[in-house]
Amino acid sequence: MTTVADGAVDRWAGGVCPFEMGWRKLMMWIFIITDGLLFAGLLAASGYGRTMASVWPEQSGVFSIPFIAAMTFVLISSSATMASAVAAAHAGKTADVTRFVGLTIVGGLVFLGMQAYEWTHIIGEGATLTSNPWGDPLFGAYFFMITGFHGSHVLTGLIVLVSLLVRWTKGLSTSEGVELAGLYWHFVDLVWVFVFTCFYLI
Amino acid sequence: MSEAHDPGFIRRYIFSTDHKIIGIQYILTGLVMGMVGGLLAVLIRIQLGWPTAQWELLERLMPRGYPSGFMAPEFYISVVTMHGTIMVFFFISYVLVSGFGNYLVPLQVGAKDMAYPLLNMLSYWFALLSAVVMMASFLVEGGAAAAGWTAYPPLSAIASAVPGSGLGQSIWLVSMAIFIASFTMSGLNVVATIFTMRAPGMTMMRLPLTIWSYFIAAILGLLAFPPLTAAAVLLLFDRHLGTSFFLPSGLVVAGQPLSFQGGSPLLWQHLFWFLGHPEVYVLILPALGIVGDVLPAFTRKPVFGYRLNVYSLIAVGVLSMVVWGHHMFVSGMSPFTGEYFTLATMVITIPMTVYGVNLVASLFGGRMRLATPMLFSLAAVALFGSGGFGGLFLGNATADMQLHDTYFVVGHFHFMIGGVTLMGTFAALYFWFPKMFGRSMHEGFGKLHFWGTFAPFFMVFFGQHFLGLQGMPRRYYAFNTYEYLEGTAGQNTMLSVLVMVLVAAQFVFMVNFLWSLFKGQPVEANPWAATTLEWTVASPPPHGNFGDTLPAVHRWAYEYSPDGTGEDFAPQTAGPNDAPITA
């Protein structure tokens, strides 16, 4: 058995969680890693398709990068409001939690709206799952696949947040519940940063 | 939960959140699926053993599969696909990984249940649904999937390629998606339970090897399955929405050119084997962990090199994520990449060899008692050693060029993820049956079952190595049509007969299992005089496992013959000053 300093608890000696968190939070973290690898698989696949392709379009000629940057800004801002909600929940400021979770939901909705606008625009230019006017057909397929997958995650996050809001206002949720929803929301935002970097920028 | 609370039959045995009931549900489901997979193997061997014979009975049973008494080639490849799929995902995964994982993890770490019992129940019902969906694919138009358990495109991506590429393949993918969801839920529970719910005093280095192996296996499953999910989604898009993720241009089916362009079937192989290789360790590690715990109970001495075994399991877990390319040496990858994957594969053999040699060393100087669980454990070690030698050839790009897609591969993986896991599963079933049901299994029938299983199993798949060296390719439907393979007809017939013996022996097990459930000899809490925590509670353990107070753990799991004399052992709960128990 490992020796323990006076007064300290050996966190690996059993009886307690070694990470100073309950199993719920640990499970959420592991799930997030798992879900992250799903996106890793998709992004790796798109990188593979891109290296195989003879012509891969210049992204700045297809997308309006400032618009995408604005989408990114909206999503990151919603992460900030979510962090404020978690802090308020820990501080016991019930009304603030409601306000900040509400703001996060608004941020998520705005992001989804902007994504819908972008999809409409791209589809209007003639892109489908199987073909697009800019070169390699896989470009369009991967675009809809990856942004669609991310969008569905944002939608899931919104459903989680709405149910959290309802439960919070009814007094059914705890500060840990807010934190777990927050973890998932931050994850969805972080994935977008990777999508933005790997698919839109480089 | 209070003693007075009676949840009623349905909540206790059907929609139960008790990890022990869920574990048993998994095990029974898996055993039924294993019977289906075994019967499919019989169909395969009938075809390979007697390729020209006419089977009127089979025609009557399966008119579409056996037109005028001869097996249809499309049906054969469906049967091969479903045999592999069912054995890997629905037999070994359910019985050994999820079944015993559920049953043993909370008991052996000293917890009342899994971290999240409701999620655990959900994972079982998803698993059952996935199995039912997979079985349903036999009944649809065109029959079950026919692209192999690896589902390589283009065969799996173009619905018109072969009959099984139609609805059968779609159902296969849907079933796999449900399976992955179930496996993820179960893996989350295992990892969270082992991290957070160990009893006081149960340090990581006091965990039995069984728990370490489930821990590593669950982490591997969680990391490896998501990329397969991504690949499965892409494949579904290719199949139903016309994308070309896995399909290059220039494909022609039945004289009709197809409009796909730009994709690569190699991408599927990469994504699949990024899962597929860790997956074989997900299956085999629990078997090795269980063997590491069963051997000491029957040699009455500690497992050799416990720490090194744990480090080996961790090393195998890490390395298993970076060797997937050795399944693809002949796919046209760059020779430099092949060289890397060869090297990485040779590196992973080191911790695996350490583990295997330590198991052998655990026998040295022990006072062996050859009860049925011990026999199956020894069989697992034997197969692990023999199969490992075959792996050295296949892991080398140079040798694999010759051996790839021959029966050498079939023999190899049946030794490893077929045999080691099967023997480990039976060792676990015989070892923990008394704990699960409070009665022991019949020893005589158990030994008969062992010899009827191990002897033909070893001969069949050892023989297949030699068929592979003669160039016999896997997945082929008939070998009597190739001149250079005419000499193998006798060997194939012999292997088929041996498989019949192997399958017949499983009926001995079924009878023994059912008979022992009701008529087996009642047992005490600790019939094997073993040390781990589950043996300190009644057989079967009550709901909540340990009553109101969790056990306090004071020592490691291998305190056998602590003084090196006498048949003594100390359970993990024995305090520092407690005398060892004399059995």
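## Brief notes about the overall build of chain B
Within chain B one finds 15 helices and four strands. Over its C-alpha atoms chain B spans a radius of gyration of 24 Å, differing by no more than 12% from the 25 Å that the globule rule assigns to 583 residues. With the principal axes as the frame, chain B shows a C-alpha extent of 80 × 55 × 50 Å. Taken across its 583 residues, chain B has 55% of its residues classed as buried. Considering only contacts in chain B between residues 6 or more positions apart, those separated by 24 or more positions represent 79%.

## Comments concerning the packing of helix 1 (residues 23-52) of chain A against helix 7 (residues 209-240) of chain B
Interaxial distance between helix 1 of chain A and helix 7 of chain B falls to 8 Å at its minimum, and their mutual angle equals 45 degrees. Overall, the two elements helix 1 of chain A and helix 7 of chain B adopt an arrangement that is oblique. The interaxial crossing formed by helix 1 of chain A with helix 7 of chain B has right-handed handedness. In this structure, helix 1 of chain A uses Ile30, Thr34, Asp35, Leu37, Leu38, Ala40, Gly41, Leu42 and Ala45 of chain A to contact helix 7 of chain B, whose residues at the interface are Leu222, Leu223, Pro226, Pro227, Thr229, Ala230, Ala231 and Leu234 of chain B.

## Re the confidence of the model for chain B
Residues of chain B with pLDDT of at least 70 account for 97%, and the chain-wide mean is 92. Interface confidence in the predicted complex, given as ipTM, is 0.90; pTM for the same model is 0.94.

## Observations regarding the interface of chain A and chain B
With 31 residues of chain A in contact, the opposing surface of chain B contributes 37 residues. Counting residues per element, the ones that place at least two in the side of chain A that touches chain B are helix 1 and helix 5 (137-169) of chain A.

## Here we look at the nonpolar core
All names here are of chain B. Counting 218 residues, the largest nonpolar core has Val191, Val291, Ala380 and Ala427 as the members making the most contacts within it. Among the elements that line this core, the one with the most residues is helix 4 (residues 73-109), at 23 residues. The contacts of Ala427, once residues within four sequence positions are left out, are Ile290, Val291, Val294, Pro373, Phe376, Ser377 and Ala380. Residues Leu48, Phe408, Val409 and Val410 belong to the second largest nonpolar core, which totals 10 residues.

## Regarding the domain arrangement of chain B
All names here are of chain B. Assigned domains within chain B: domain 1 (17-207) and domain 2 (526-583). Here the C-alpha centroids of domain 1 and domain 2 sit 35 Å apart. Listed per partner, the contact involves 13 residues of domain 1 and 16 residues of domain 2. Sorting elements by how many residues they give to the side of domain 1 that touches domain 2 places helix 4 first, with four residues. Tallied by class, the residues present in the side of domain 1 that touches domain 2 amount to six nonpolar, three polar and four charged.

## Quick look at the packing of helix 4 of chain B against helix 6 (residues 167-196) of chain B
Helix-helix packing is described using two parameters, namely the angle between the two axes and the distance between the axes. Residues and elements named next belong to chain B. Viewed as axis vectors pointing N to C, helix 4 and helix 6 meet at an angle of 25 degrees, and their least axial separation amounts to 10 Å. Overall, the two elements helix 4 and helix 6 adopt an arrangement that is roughly parallel. For the pair helix 4 and helix 6, the sense of crossing is left-handed. Taking contact as the criterion, the partners of Phe89, Ser98, Gly101, Val105, Pro106 and Val109 in helix 4 are, on helix 6, Phe179, Ser186, Val190, Thr193 and Ile194. Residues belonging to the contact of helix 4 with helix 6 are distributed by class as follows: seven nonpolar, four polar and no charged.

The rules we used
Residues numbered from 1 in each chain as written. Chains lettered and ligands numbered in written order. Predicted model: local features only at pLDDT ≥ 70, side-chain atom pairs only at ≥ 80, totals over all residues. Helix = DSSP H or I, 4+ residues; strand = E, 2+ residues; numbered from the N terminus. Rg over C-alpha atoms; globule rule 2.2 N^0.38 Å. Buried ≥ 20, exposed ≤ 12 C-beta atoms within 10 Å, placed from the backbone. Contact = placed C-beta atoms within 7 Å. Axes fitted to C-alpha atoms, helices over the stretch in contact; angles between N-to-C directions. Parallel < 35°, antiparallel > 145°, perpendicular 65-115°, else oblique. Left-handed = near helix turned anticlockwise from the far one by under 90°. pLDDT = per-residue confidence, 0-100. Core = buried A, V, L, I, M, F, W, Y, C linked by C-beta atoms within 7 Å. Domains from an automatic or database assignment. Nonpolar A, V, L, I, M, F, W, Y, C, P; charged D, E, K, R; others polar.

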